[in-house]
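Listed here are the chains, written in short residue letters.
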Amino acid sequence: CILVSPSGEAPEKGNFPQWTEGRPMQIEAMLCDFATVREGLLHVLGGGINRLWRDEFPAQMATTLALLLEIHPTETELQHTIHIFLQDEDGHGLAEVAADFQVARRTAASRPGENILMPLIVSLQQMEIPKPGAYSVDIVLDNQHKRSLMVYACSQNQEDRRRRGRSQGYQN
């Protein structure tokens, strides 16, 4: 393992850089049917949704946003703010969810200098999709855009290769 400084250069032996600012927090994200967090683990059911099949519009989004934040030790003990925005294809804001959080520097199971993984779930079950079309779920952390997840709302009568072979039950 070679330690690399923020400038990209390897330090001389015993001369490790001191970071005063944390590196940008990394975020993995997906839309799913349902998710839970237990004992620091993210449990996802029906992950990877990018189509919302609905009988009529307006309709509920009926999904969950599953997030896994990778937090560098320099980003701990600080107040962070996360915003989740739902926008239509014209960029009009339809809904927003925001939360503040702070992460402890170390947990009983972590090692010094180890990144901390923090699972987080955001219910989008009640968010309303007004009509068929393209929508974006945008994730902004500490006023920095981190991720956008595209999702397409479709009428049940539209043909799509993924619809073939599915049961007639309620589907995302």
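Heads up: the structure comes first, above all this text.
Predicted, not measured: the structure shown is a model, and the values here were computed from it.

Considerations on the overall build of the protein
Scanning the protein from N- to C-terminus turns up zero helices and 11 strands. N-terminal to C-terminal, the α/β element order of the protein is β-β-β-β-β-β-β-β-β-β-β. Going through the 172 residues of the protein one by one, you find that 35% of them count as buried. Sequence-distant contacts, at least 24 apart, represent 67% of the contacts inside the protein between residues at least 6 apart. Split by element, the accessible area of the protein, about 10800 Å² in all, is 49% carbon and sulfur.

Quick look at the pairing of strand E1 (residues 26-38)
Pairing analysis gives seven bridges linking E1 to strand E5 (residues 64-71), with the strands arranged antiparallel. Considered in E5, the bridge of Gln 26 is made with Glu 70. As defined by bridge partners, E1 adjoins strand E2 (residues 41-47) across six bridges and the pair is classed as antiparallel. Paired with Thr 36 across the two strands is His 43, which belongs to E2. Counting the residues between successive antiparallel strands, the hairpin from E1 to E2 contains two residues, one of them, Glu 39, with a positive phi of roughly 50°.

Description of the pattern of salt bridges
Once their charged atoms are close, side chains differing in charge can pair, the charge on each being opposite to the other. Scanning the entire structure with this criterion turns up two salt bridges. We note a salt bridge from Glu 28 to Arg 147, for which the minimum N-O separation is 3.9 Å. Placement of Glu 28 in strand E1 and of Arg 147 in strand E11 (residues 144-155) is noted, with a sequence separation of 119 residues between them. Here Glu 39 and Arg 38 are joined by a salt bridge, their closest N and O atoms 3.1 Å apart. For Glu 39, a relative accessible area of 70% corresponds to the exposed category. When its relative accessible area of 43% is taken as the criterion, Arg 38 is described as partly exposed.

Some points on unusual backbone geometry
The residue after Phe 57, namely Pro 58, is reached through a cis peptide bond having omega 0°. The phi torsion at Asp 142 lies on the positive side, around 50°, for a residue other than glycine. In this structure, Asp 142 sits in the loop between strand E10 (133-141) and E11. A residue is classified by how much of its surface remains accessible, and Asp 142, at 33% relative accessible area, is partly exposed.

Concerning the sheet that holds E5
Across the sheet, four strands lie side by side as E2-E1-E5-E8; this open sheet has antiparallel pairing. The sheet is open, and its two borders are formed by E2 and strand E8 (116-123), each paired with just one other strand. Here the strands of the sheet are splayed against their neighbours by 50° on average, with no regard to which way each runs.

Remarks on the side chain of Arg 54
When you line up the elements, Arg 54 lands in strand E3 (residues 51-54). Of the side chains with opposite charge, Asp 33 lies nearest to the buried Arg 54, which makes no salt bridge, at 7.3 Å. Side-chain polar atoms of Arg 54 contact the backbone oxygen of Gln 60, separated by 3.1 Å. A polar atom in the side chain of Arg 54 sits 2.6 Å from the backbone oxygen of Met 61.

What counts and what doesn't
Residues numbered from 1 in each chain as written. Predicted model: local features only at pLDDT ≥ 70, side-chain atom pairs only at ≥ 80, totals over all residues. Heavy atoms only, no water. Helix = DSSP H or I, 4+ residues; strand = E, 2+ residues; numbered from the N terminus. Buried < 20%, exposed > 50% of the residue type's maximum accessible area, 1.4 Å probe, protein only. Contact = heavy atoms within 4.5 Å. Areas by Shrake-Rupley, 256 points an atom, 1.4 Å probe, with all protein chains shown as cover. Pairing = 2+ DSSP bridges. Salt bridge = Lys/Arg side-chain N within 4 Å of Asp/Glu carboxyl O. Axes fitted to C-alpha atoms, helices over the stretch in contact; angles between N-to-C directions. Lys, Arg positive; Asp, Glu negative; His and termini not counted. Polar contact = N/O pair within 3.5 Å; in protein donor to acceptor, adjacent residues only side chain to side chain.

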